[in-house]
Amino acid sequence: MSDRSAPGCRLRLDWVYGYRGHQCRNNLYYTAGKEVVYFVAGVGVVYNTREHSQRFYLGHNDDIISLALHPERSLVATGQVGKDPYVCVWDTFTAQTVSLLRDGHTHGIACLAFSADGQRLASVGLDAKNTVCIWEWKRGKILATATGHSDRIFDICWDPFQQSRLVSCGVKHIKFWSLCGNALTPKRGIFGKTGDLQTILCVASAKDDITYSGALNGDIYVWKGLNLIRTVQSAHSAGIFSMYSCEEGFATGGRDGCIRLWDVDFKPITKIDLREAEQGYKGLSIRSVCWRADRILAGTQDSEIFEVMVRDRDKPLLIMQGHSEGELWALDVHPKKPLAVTGSDDRSVRLWSLVDHALIARCNMEEAVRSVAFSVDGSQLALGMKDGSFTVLRVRDMTEVVHIKDRKEVIHEMKFSPDGAYLAVGSNDGLVDIYAVAQRYKKVGECSQSSSFITHLDWTLDSKILQTNDGAGDRFFYRMPLGKLVSKEEVKGQRWASWSGVLGSEVSGIWPKYSAQTEINAVDANPSAAVLVTGDDLGLVKLFRFPCVRKGAKFKKYIGHSAHVTNVRWSHDLQWVLTTGGADHALFQWRFLPESVMNGGPDVNIQDSHGDSNSEESDSDVSDVPELDSDIEQETQIHYDRPVYKEDLPQLRQQSREKKQQVGSLKRQKGPDQGLRLQFVHGYRGYDCRNNLFYTQGGEVLYHVAAVGVVYNRQLHSQRFYLGHDDDILSLSIHPLKDYAATGQVGRDPAVHVWDIQTLKCLSLLKGFHQRGVCALDFSADGKSLVSVGIDDGHSIVVWDWKRGEKLATARGHKDKIFVVKCNPMVTDKLVTVGIKHIKFWQLAGGGLTFKRGAFRSIGRPETMMSVCYGRTEALVFSGTATGDVYIWKEPLLLKTVKAHDGPVFATFSLDKGFVTGGKDGVVELWDDMFDRCLKTYAIKRAALSPGSKGLLLEDNPSIRAITLGHGHILVGTKNGEVLEIDKTGPMTLLVQGQHGGRGLGFGPPPPPPRLRHRQR
């Protein structure tokens, strides 16, 4: 089966086990809906303790490390690590993004805090300067920014009684900030003689300039203004990691495992020691506390969440558990029951119930656990250790059966044979040892062909052959139990009991075309549904068809694990997929939704508005699915990289001057007195551009060719020029009032110019974001903002406040080319983009944009879209495809398709009642308002040209690239660079004659036909 399409089934995140306690603090809160919000790996989790259910926020693309709760308690802000980290403000009820805050920090966002009125957000970066930013978060704008401190900052909070005062604390310092306009000024706290200068871990502000802070030695330091006025000694017996203030007073939590409650004047109320609790243990350390009326939450260093009822404070409940810090690699599923087992570097083995979403048993080992395997009947459990030993436990009571150490290096993989007779144990020494289960695990064989560490093992159904993968990318087969090498031919036709190997023709499609053979850590096949799940180093879980033979196959991908995904497994009944994260030491449980479930209705993935969860993307070449139309193919191949850019010229001239001077100084003659003035430009750029032809307010025609913006007067046959660009113009848009134009050009740092059509003066110059060129532009309906799309690798989208030259929002558009961007005519914060095999519906969110990918469902194929426009109701979108269909969308669902043209629909334009479309077939069509009827067609042919035409058509039926309406006419631009005007009744006039695509060759004016010589007016 060499079908390269993505599988029809998909995964939905069902449960995340654990809580991120290590290296994070103050990251666990009650929401207004009495739910619990926290994060694990790259996922924001909203946990309903009453219903024992979870909702997920998937707007991040790396580990989340900070969280703040809005004062109204339904919104939260989360900050992540990464090269370009950002903050997401999202709604805990809907798990949807409200605002994205980008470009404030590098490395990561260590802490966040909302102001008391909820209007502003403070963030602290992980960069060397620990930069502090104050955001007007709804707009995604930075109000103020300042260097935080030379050392780490651990906490920041706003003074609830003074809107412009903040306090931050960290390594050996505390700072009191005042915000005035866009200036943020710090003053250091004075420790004086009252207490030792030491690291402050958490802060909370109170009235009358009082600040309470938790210190590393377990004392509470009390500040008035900048001065330390008193200390509460030994409030905790070790560092105080978290402090929470509420109406009732304050709660603190520390490394001593205690929660203490204090009244509003910081007098002690009570103390709860979680180490003494039923599920407490020595060394329990609290990283986060939250106190809400009669309930308290505490999050621990070792990934647990406790809930304490103040009335029953001696009975804390453990409501969430996970592995603690250390890599998590070991995963297996019970052969008969909905159970999973995991083992990690925290030296624990844990047994999970997939139905109850709960931990049902744990066992602490002497060594870090790197692999686990259930026996065939599920009664025994083998554990492979980091020191080269392995242990077998009875599952019933977790007691030891045997402990064997035959190897020095880590045991990374082990599997029982399907008949239950043998256990194969693969180590990083490159050997696989075979043990006989019935003989108390006596060693009976050895497989020794590999030159590198063993990564995967699989048995045949008859238990006679074992397949191995190793780190060198070799795949071997051995006869069992002795371990004699078997050739590939002898294995042909064998049926495998499991498929976890990453090598072999059956799974060659999982590898991208140019990838290292170590990127994919784990796979598991589900032959009955013909799908395969993989986990890789980029933190992605992917679904492929199985077998997956051709390289670069399509897949669906899921985000959530931020670091490498170490292991993946199907549950015994194939209902769930389990995945483990290495650095995030989290266990994710995904529900498998087969194709039959999917076709049951408009099931659009909720997570879709963030990044690429559930994506159909793959790394395969654009041209390998139905052939692209030749015009589109050509256009996608055009490169806009210049060998030399205009801004390099002064330098090059200087160099050549210096060279000439060395040759000897020849006197250069003076230039002529007269200069040249551009009088008329022939042609229009149509071969790689679209939507670039408009009527202006005064009824003139606006278009572009080369680096010139052209305003053409039809009556006078004269032109005026905008000459502000220094390289080819690629895109053009006109302001809703039709008095201003925006043009985007090619260049290393390509500029967008907004200029006045009457005076030809530049009003605004927008640059400094895109690379290579600007391929699409559109003004918003109110004309205040302008959207631009770049030709850089991510086809970035920028929304500009063009008058002020300010970036309002940015986003990565798509990995493949975007052809058109269109702003919604009714709502200013929505837009749509179309391009190669995709359509995306965008929504502004603060300083970023979230999107929903168009869901084609079973109504139409995922085609390349060349044009798009909105209907008269905001919800309907009409897109023209490369195959000649018009797709009608009700965001984000495809409602129906209509055959409109032969070949691509390059232009669509919406009227008050109905639409006009133009295609490669050289036909212009008028449609009614739902594309039910085609009212009129105009074929562009030489025979139809009126006598007033300026020149001839290069060919009949030229490909149409732009259409606009006005003044009772339809204006059409062709690929051959011609501009025509069609009267609604039928006659056509050629206004501009052009040169066909790419380069104008053969200079010298063609002799005009006698009747067309223009008379001098």
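Given the structure is predicted, the values throughout are model-derived calculations rather than measurements.

A.B. asks: Can you explain the sheet that holds strand E17 (residues 183-188)? Please cite residues and give values.
C.D. replies: Taken in spatial order, the four strands line up as E14-E15-E16-E17 in an open sheet, and their pairing is antiparallel. What marks the edges here is a single partner per strand, and that holds for strand E14 (153-158) and E17. Going across the sheet, the axis of each strand differs from the next one's by a mean of 25°, ignoring polarity. Examined bridge by bridge, strand E16 (residues 173-180) and E17 share six bridges and lie antiparallel to one another. Looking at E17, one finds that Leu 179 is bridged to Leu 184.

A.B. asks: Help me get a handle on the pairing of strand E31 (residues 339-344), residues and values and all.
C.D. replies: For E31, a buried count of six out of six residues is recorded, marking the element as mostly surrounded by other parts of the structure. Across the two faces of E31 the burial is the same, with Leu 339, Val 341 and Gly 343 and Ala 340, Thr 342 and Ser 344 all buried. Here five bridges tie strand E30 (residues 328-333) to E31, and the two strands are oriented antiparallel to one another. Looking at E31, one finds that Val 333 is bridged to Ala 340. Pairing between E31 and strand E32 (residues 348-353): five bridges, direction antiparallel. Of the residues in E32, the one forming a bridge with Ala 340 is Trp 352.

A.B. asks: Tell me about the pattern of salt bridges, residues and numbers included.
C.D. replies: Tallied over the entire structure, the rule returns 31 salt bridges. Two residues, Arg 311 and Asp 294, come together in a salt bridge whose shortest N-O distance is 3.4 Å. Of this pair, Arg 311 sits in the loop between strand E28 (305-309) and strand E29 (317-320) while Asp 294 sits in the loop between strand E26 (286-292) and strand E27 (295-300), and the two are 17 residues apart along the sequence. What makes Arg 311 exposed here is its relative accessible area of 67%. Put simply, Arg 772 and Asp 793 hold a salt bridge, and the shortest N to O gap is 3.1 Å. Of this pair, Arg 772 sits in the loop between strand E60 (762-766) and strand E61 (774-779) while Asp 793 sits in the loop between strand E62 (785-790) and strand E63 (797-801), placing them 21 residues apart in sequence. For Arg 772, a relative accessible area of 25% gives the class partly exposed. The exposed category is assigned to Asp 793, whose relative accessible area is 57%. What you see here is one network of salt bridges that share partners, running through Arg 407, Asp 433, Lys 443 and Glu 446.

A.B. asks: Go over the environment of Arg 933, please, and point to the residues and values.
C.D. replies: Tracing the backbone through its elements, the reader meets Arg 933 in the loop between strand E75 (923-927) and strand E76 (934-939). With sequence-adjacent residues up to four places away left out, Arg 933 is seen in contact with Leu 926, Trp 927 and Asp 928.

A.B. asks: Provide a residue-level description of the confidence of the model for the protein, including the pertinent values.
C.D. replies: For the protein, per-residue confidence averages 86 on the pLDDT scale, and residues scoring 70 or more make up 89% of the total. The low-confidence segment residues 599-626, where pLDDT is below 50, has 77 contacts with residues more than four positions distant or belonging to other chains. Long-range and interchain partners of residues 997-1017, a stretch whose pLDDT sits below 50, account for 13 contacts in this model, where long-range means more than four residues apart.

A.B. asks: Kindly report on unusual backbone geometry, identifying the contributing residues and their values.
C.D. replies: The peptide bond linking Phe 546 to Pro 547 adopts the cis configuration, its omega dihedral lying at -5°. Take Pro 547: it is sitting in the loop between strand E48 (541-545) and strand E49 (556-558). Following Glu 891, the chain continues to Pro 892 via a peptide bond in cis, the omega torsion being -5°. With respect to the helices and strands, the residue Pro 892 is situated in the loop between strand E71 (885-890) and strand E72 (893-899). The backbone of Leu 760 sits at a positive phi, close to 60°, despite the residue not being glycine. Within the secondary structure, Leu 760 sits in the loop between strand E59 (752-756) and E60.

A.B. asks: Can you lay out the sheet that holds E72 for me, pointing to particular residues and giving the numbers?
C.D. replies: Adjacent strands of a sheet pair through backbone hydrogen bonds, lying either parallel or antiparallel. Read across the sheet, four strands follow the order E69-E70-E71-E72 without closing on themselves; strand pairing throughout is antiparallel. Across the chains shown, the open sheet's two edge strands, defined by having one partner strand only, are strand E69 (865-870) and E72. In this sheet, neighbouring strand axes are inclined to one another by 25° on average, regardless of whether the strands run parallel or antiparallel. Pairing analysis gives five bridges linking E69 to strand E70 (residues 876-881), with the strands arranged antiparallel. Each bridged residue has a counterpart across the sheet, and for Cys 869 the counterpart in E70 is Phe 878.

A.B. asks: Give me the side chain of Asn 130: which residues, what numbers.
C.D. replies: Following the sequence through the fold, Asn 130 ends up in the loop between strand E11 (120-125) and strand E12 (132-136). Contacts of Asn 130, omitting those with residues within four sequence positions, involve Val 124, Gly 125, Thr 147, Gly 148, His 149, Ser 150, Asp 151, Arg 152 and Ile 153.

A.B. asks: Explain the pairing of strand E51 (residues 576-581) residue by residue, including any values.
C.D. replies: Where a strand is regular, its side chains alternate between the two sheet faces. Extensive coverage of E51 is indicated by the burial of six of its six residues. Here five bridges tie strand E50 (residues 565-570) to E51, and the two strands are oriented antiparallel to one another. Bridge assignment links Asn 567 to a residue of E51, and that residue is Thr 580. The antiparallel hairpin formed by E50 and E51 contains five residues in its connecting segment, where Leu 574 sits at a positive phi of about 65°. Bridge count for E51 against strand E52 (residues 587-593) is five bridges, and the pairing is antiparallel. Opposite Thr 579, over in E52, you have Phe 588 as the bridge partner. Turn length for the E51-E52 hairpin, with the two strands adjacent in sequence and antiparallel, is five residues, and the turn residue His 585 shows positive phi of about 35°.

Definitions and cut-offs
Residues numbered from 1 in each chain as written. Predicted model: local features only at pLDDT ≥ 70, side-chain atom pairs only at ≥ 80, totals over all residues. Heavy atoms only, no water. Pairing = 2+ DSSP bridges. Helix = DSSP H or I, 4+ residues; strand = E, 2+ residues; numbered from the N terminus. Axes fitted to C-alpha atoms, helices over the stretch in contact; angles between N-to-C directions. Buried < 20%, exposed > 50% of the residue type's maximum accessible area, 1.4 Å probe, protein only. Salt bridge = Lys/Arg side-chain N within 4 Å of Asp/Glu carboxyl O. Contact = heavy atoms within 4.5 Å. pLDDT = per-residue confidence, 0-100.

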